[in-house]
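# Reading the structure
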Amino acid sequence: MRVIVQPDYKRASQWAANYVARRILDFKPGPKKPFVLGLPTGSSPIGMYNELTALNQAGKLSFKHVITFNMDEYVGLPQDHPESYHSFMWRHLFGRVDIPAKNVNILNGNARDLDAECAKYEDRIRKAGGVRLFVGGIGSDGHIAFNEPGSSLTSRTRVVQLTTDTKIANSRFFDNDRAKVPETALSVGVGTVMDSDEVLIIVNGANKARALRHAIEEGVNHMWTVSALQTHPNGLLVCDDEATLELKVGTVRYFKDVEAANLDPATLLR
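Report on the accompanying structure. Residue positions are given per chain, counted from 1 along the sequence in the order it is written. Note on the predicted model: pLDDT of at least 70 is required for a residue's local features to be given, and 80 or more for side-chain atom pairs to be given and counted; whole-chain, interface and lining totals, by contrast, use all residues. Neither water nor hydrogens contribute to the side-chain values; these are computed over all heavy atoms in the structure.

## Section: the nonpolar core
Here, nonpolar core refers to any group of buried Ala, Val, Leu, Ile, Met, Phe, Trp, Tyr and Cys residues whose side-chain atoms link them within 4.5 Å. For every residue, the accessible area obtained with a 1.4 Å probe (protein chains only) is divided by the maximum for its type, and the residue is called buried under 20%, exposed over 50%, and partly exposed between those limits. Counting 43 residues, the largest nonpolar core has M48, L52 and L200 as the members making the most contacts within it. Numbering goes from the N terminus for both helices and strands, where a helix is a DSSP run of H or I of at least four residues and a strand is a run of E of at least two. Put simply, the parts of the chain that give this core at least two residues each are α1 (9–27), β2 (35–39), α2 (46–57), α3 (85–92), β6 (133–137), β9 (198–203) and β10 (235–240). When residues in this core are grouped by element, the largest group, nine residues, is from α1. When near neighbours in sequence (up to four residues on either side) are disregarded, M48 contacts S13, A16, A17, V20, V135 and I202. By size, the runner-up hydrophobic cluster in this structure holds 38 residues, among which are V3, L107, F134 and L212. In this description, contact between two residues means that some pair of their heavy atoms is separated by no more than 4.5 Å.

## Description of the pairing of strand β8 (residues 184–187)
Neither face of β8 is exposed, since T184 and L186 on one face and A185 and S187 on the opposite face are all buried. Think of it this way: DSSP has to see at least two bridges between two strands before they count as a pair. As paired strands, strand β4 (residues 72–74) and β8 are joined by three bridges and run antiparallel to one another. Its bridge partner lying in β8, Y74 is registered against A185.

## Concerning the pattern of salt bridges
Basic side-chain nitrogens of Lys or Arg form a salt bridge, by our definition, when they fall within 4 Å of a carboxyl oxygen of Asp or Glu. A complete count under the given rule lists 14 salt bridges for this structure. D26 serves as the salt-bridge partner of R22, at 2.7 Å between the closest nitrogen and oxygen. Taken together, the residues span about one helical turn, with R22 and D26 both in helix α1 at a distance of four residues. R22 gets classed as buried once you look at its relative accessible area, which sits at 16%. One salt-bridge network, held together by shared partners, links E122, R156 and D195.

Set out below in structure tokens:
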């Protein structure tokens, strides 16, 4: 596992965006060879999306031959609701770059048969050739996508019940009214994410420090689903200094020392 520690959220977002851009550019995608990218919602990736948008608008990166699969979507929330993840993605990324609408895949939380929708989503990922790079964020309890504590580390895309903690955390997007937050969602599984060639998780803020400690310094545990990243051959955590507050000083120094010799992906885009 690689751990990239940056001074602040802006620098962490830039690093993550440049890494994603470099992976797409190195792949040299085309009409018959698209790059398949997994994407998250929430507050953590917004900075990265702003940076990717800037790279696209500067002509340094194109999404014309990128196929995306999002991690999750609320059940029962209209797609045009301002807090649906459809709306979120078009507001923060898809509506600002040159990705074709047909290349965007987001779970349909209003499907008649939700189980069938989840099975079809897994099938679409397989038919696309699998995800090359899955980007994610984590909750303060260490969950990735909507894989709440206790989720199987081999889980697939499915209907999930949101915990009270998650509904409280997400109520800030619903007028701070927990009652307005949907009770259930559709989510890719931990196993779905771990099947991708690479996984990049963005971790920012002191409220994520405990989760980051479990992800790095503790063992693999289904109560902290992000810890599954320890088993991935190409797992990458990009965090800001605040998120490292609960890590041992020696742990932070070790990863900073290891990464000091690696080239910042930003230098490759200049």
